[in-house]
Number of protein chains: 2
Amino acid sequence: MARTRITPEREKELYGAVLDLLREVGYDGLTMDAIAARTHSSKATLYRQWGSKPELVARAMRDHEPDNIADIDTGSLRGDFHEMILRTDDCQLEKDSALMRALFHAVHENPDLHRALRELLIEPEMTGLDVLLRRAVDRGEVAADSPALAFVPHMLIGAFVGRQLIEDAPTDREFLAGYIEAVVLPALGA
Amino acid sequence: MARTRITPEREKELYGAVLDLLREVGYDGLTMDAIAARTHSSKATLYRQWGSKPELVARAMRDHEPDNIADIDTGSLRGDFHEMILRTDDCQLEKDSALMRALFHAVHENPDLHRALRELLIEPEMTGLDVLLRRAVDRGEVAADSPALAFVPHMLIGAFVGRQLIEDAPTDREFLAGYIEAVVLPALGA
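Computed from a prediction, not measured in an experiment: that's the story for all the values here. (Residues numbered from 1 in each chain as written. Chains lettered and ligands numbered in written order. Predicted model: local features only at pLDDT ≥ 70, side-chain atom pairs only at ≥ 80, totals over all residues. Heavy atoms only, no water.)

### Section: unusual backbone geometry
For clarity, the threshold we go by: A simple rule labels every residue: compare its accessible area, found with a 1.4 Å probe on the protein chains alone, to the largest value its type can have, and call it buried under 20%, exposed over 50%, or partly exposed in between. A run of DSSP states H or I qualifies as a helix once it reaches four residues; a run of E qualifies as a strand once it reaches two. Both are numbered from the N-terminal end.
Phi at Asp168 of chain A takes a positive value of approximately 55 degrees, unusual for a residue other than glycine. For Asp168 of chain A, a relative accessible area of 44% corresponds to the partly exposed category. Positive phi values are uncommon outside glycine, yet His40 of chain B reaches one of about 55 degrees. Considering the arrangement of structural elements, one finds His40 of chain B in the loop between helix H2 (32-39) and helix H3 (43-50). On the accessibility criterion, His40 of chain B (73% relative accessible area) is exposed.

### Focus on the domain arrangement of chain A
Residues and elements named next belong to chain A. To keep things clear, this is the line we draw: Each domain's limits were defined by an automated method or a database of domain assignments. Two residues qualify as a contact provided that any one of their heavy atoms is within 4.5 Å of a heavy atom in the partner residue. Summed over both partners, the accessible area (1.4 Å probe) lost when two parts come together is defined as the buried area. Each salt bridge in this description consists of a side-chain nitrogen of Lys or Arg and a carboxyl oxygen of Asp or Glu lying within 4 Å of one another. In protein, a polar contact requires one atom able to donate a hydrogen and another able to accept it; more generally it is a pair of N or O atoms within 3.5 Å, and residues adjacent in sequence count only if both atoms are side-chain atoms. All residues other than Ala, Val, Leu, Ile, Met, Phe, Trp, Tyr, Cys, Pro, Asp, Glu, Lys and Arg, Gly among them, are scored as polar; the first ten of these are nonpolar and the last four charged.
Partitioning chain A into structural domains gives domain 1 (8-62) and domain 2 (67-188). Taking the mean C-alpha position of each, domain 1 and domain 2 sit 25 Å from one another. Taken together, the 13 residues of domain 1 in the interface contact 13 residues of domain 2. Carbon and sulfur atoms supply 79% of the area that domain 1 and domain 2 bury against each other, a total of about 1200 Å² over both sides. In this assembly, domain 1 and domain 2 are joined by zero salt bridges. Applying the counting rule to domain 1 against domain 2 returns one residue pair in polar contact (both at pLDDT 80 or more). Sort the elements by how many residues they give to the side of domain 1 that touches domain 2 and helix H4 (residues 53-64) lands first, with seven residues. Here the side of domain 1 that touches domain 2 is composed, by residue class, of seven nonpolar, one polar and five charged.

### Re the interface of chain B and chain A
Counting residues at the interface gives 33 residues for chain B, matched by 33 residues for chain A. For the pair chain B and chain A, the two sides together bury roughly 3400 Å², of which 73% comes from carbon and sulfur. Our enumeration of links across chain B and chain A arrives at two salt bridges. The partner of Arg118 of chain A in a salt bridge is Asp168 of chain B, with the nearest N and O atoms 3.8 Å apart. Taken together, the connections running from chain B to chain A amount to six residue pairs in polar contact (both at pLDDT 80 or more). Counting residues per element, the side of chain B that touches chain A draws most heavily on helix H8 (residues 152-167) of chain B, which supplies twelve residues. Residues belonging to the side of chain B that touches chain A are distributed by class as follows: 20 nonpolar, eight polar and five charged.

### Quick word on the side chain of Lys53 of chain B
Within the element layout of this structure, Lys53 of chain B appears in helix H4 (residues 53-64). In contact with Lys53 of chain B, not counting residues within four places along its chain, are Tyr27, Asp28, Leu30 and Met32 of chain B.

### Overview of the pattern of salt bridges
Residue and element names in this part refer to chain A. Tallied over the full model, the rule gives 29 salt bridges over all chains. Here Arg38 makes a salt bridge to Glu24, at a shortest N to O gap of 2.8 Å. Here the residue Arg38 occupies a position in helix H2 (residues 32-39), and Glu24 occupies one in helix H1 (residues 8-29), the gap between them amounting to 14 residues. What makes Arg38 partly exposed here is its relative accessible area of 37%. Connected via shared salt-bridge partners are Asp73, Arg135, Arg139 and Glu141.

### Description of the environment of Gln164 of chain B
Locating Gln164 of chain B in the fold gives a position in helix H8. By relative accessible area, which is 7% here, Gln164 of chain B ends up buried. Placed 67 residues apart in sequence, Gln164 of chain B and Ser97 of chain B show a C-alpha to C-alpha distance of 8.7 Å. Those residues in contact with Gln164 of chain B that lie beyond four places of it in its chain are Phe104, Val107, His108, His114 and Arg118 of chain A together with Arg101 and Ala169 of chain B.

### Considerations on the packing of aromatic side chains
Operational definition: Note on aromatic pairs: the rings of Phe, Tyr and Trp (six-membered ring only in Trp) are paired at centre separations within 6.5 Å, and the planes decide the class, stacked below 30 degrees, edge-to-face beyond 60, tilted for the rest. In this scheme, the term charge over a ring applies when either NZ of a lysine or CZ of an arginine sits within 6 Å of the ring centre and within 35 degrees of the ring normal.
For the structure shown, the criterion picks out eight aromatic pairs over all chains. The interplanar angle of 25 degrees and the centroid separation of 6.2 Å between the aromatic rings of Phe175 of chain A and Tyr179 of chain A together place this pair among those described as stacked. Taken together, the residues Phe175 of chain A and Tyr179 of chain A, both in helix H9 (residues 173-188) and four residues apart, mark about one turn of the helix. Look at Phe175 of chain A and you get buried, because its relative accessible area is 9%. Note that Lys53 of chain B overlies the ring of Tyr27 of chain B, its terminal NZ or CZ placed 4.2 Å from the centroid.

Quick look at the structure:
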């Protein structure tokens with residue numbers, strides 16, 4: 001497969017540059033020409049390696065995720081959520097919010113982007129979160145039939161989006177920790 | 001004030017046209033020229049009446065809100081939330097989601113739009129929601145010191161945004177009703 005021709009270091013560097021550009025100019029403004037210029041690549045190489053802009057963006061987003069949530073296993077759901085928060089920092093959270101803003105409108109206009117993000121990013125994240133929640137159910141912390149189990153991702157997205165829209169403040173670790181305690185754990189009955 | 005020269009019917013019609021255009025082309029694509037053309041107005045009239053594009057969009061959004069949440073008073077918090085949902089319909093919810101998508105990225109790029117939306121739309125909505133929640137506290141349904149009280153708007157925004165991002169499905173009344181039961185009421189301990 002052609003992708004093996006690029007070193008992992010070079011691939012990581014290129015993904016970082018794509019995300020920086022995405023935050024700066026938004027998805028519509030992110031052209032393959034701009035990516036080629038920023039990363040000193042040829043457009044032909046980009047298309048050969050990644051096929052299309054939605055695929056490249058989705059792979060860059062996936063690479064950017066620090067690690068798999070499912071690895072977190074502190075022994076309690078509260079501990080697992082707080083470990084999730086501790087694995088990032090406020091600067092990273094602000095950057096993540098900027099990416100979410102840049103992509104949220106774009107996914108609706110670009111079904112290919114939505115599909116790529118769903119397959120490469122959203123579904124693996126959901127799976128990781130499911131592992132955490134299933135362990136909490138197995139430990140007896142959350143009832144297996146708790147209707148809130150299906151809505152944990154929605155609650156977490158609300159913390160990110162609402163924080164900016166309502167309070168006009170960045171989503172930071174302190175806010176997320178308070179939200180987990182006040183909303184997510186009580187809704188789950190944990 | 002100049003605004004009195006326009007009839008209420010004409011004003012309502014103009015606001016409707018602004019929101020239709022906003023859903024179609026997004027905030028950046030929404031020019032005063034396009035609004036003038038669509039509404040058969042002169043740009044001079046638009047600027048005289050509304051001062052600026054952010055102000056016009058914020059007033060159109062406010063006019064679009066069906067009525068004041070604070071008027072809802074069914075005697076229970078569960079009843080009040082369900083009445084909120086019943087006051088709209090699935091078609092309207094889909095249109096509201098489209099507006100939220102169009103505006104979410106734009107507010108970050110346009111501080112004037114964010115300020116106008118905050119003053120004319122977000123703060124009055126928060127106040128209406130606060131009235132509902134305060135009545136629930138007075139009735140003893142929710143503890144006065146429940147930390148979830150401050151996060152009700154975030155939870156509701158999560159239902160709207162998450163539904164599309166995760167399930168790729170429109171936010172409809174059935175989904176919202178399930179979310180209120182599974183997340184919002186339990187988080188409040190109601």
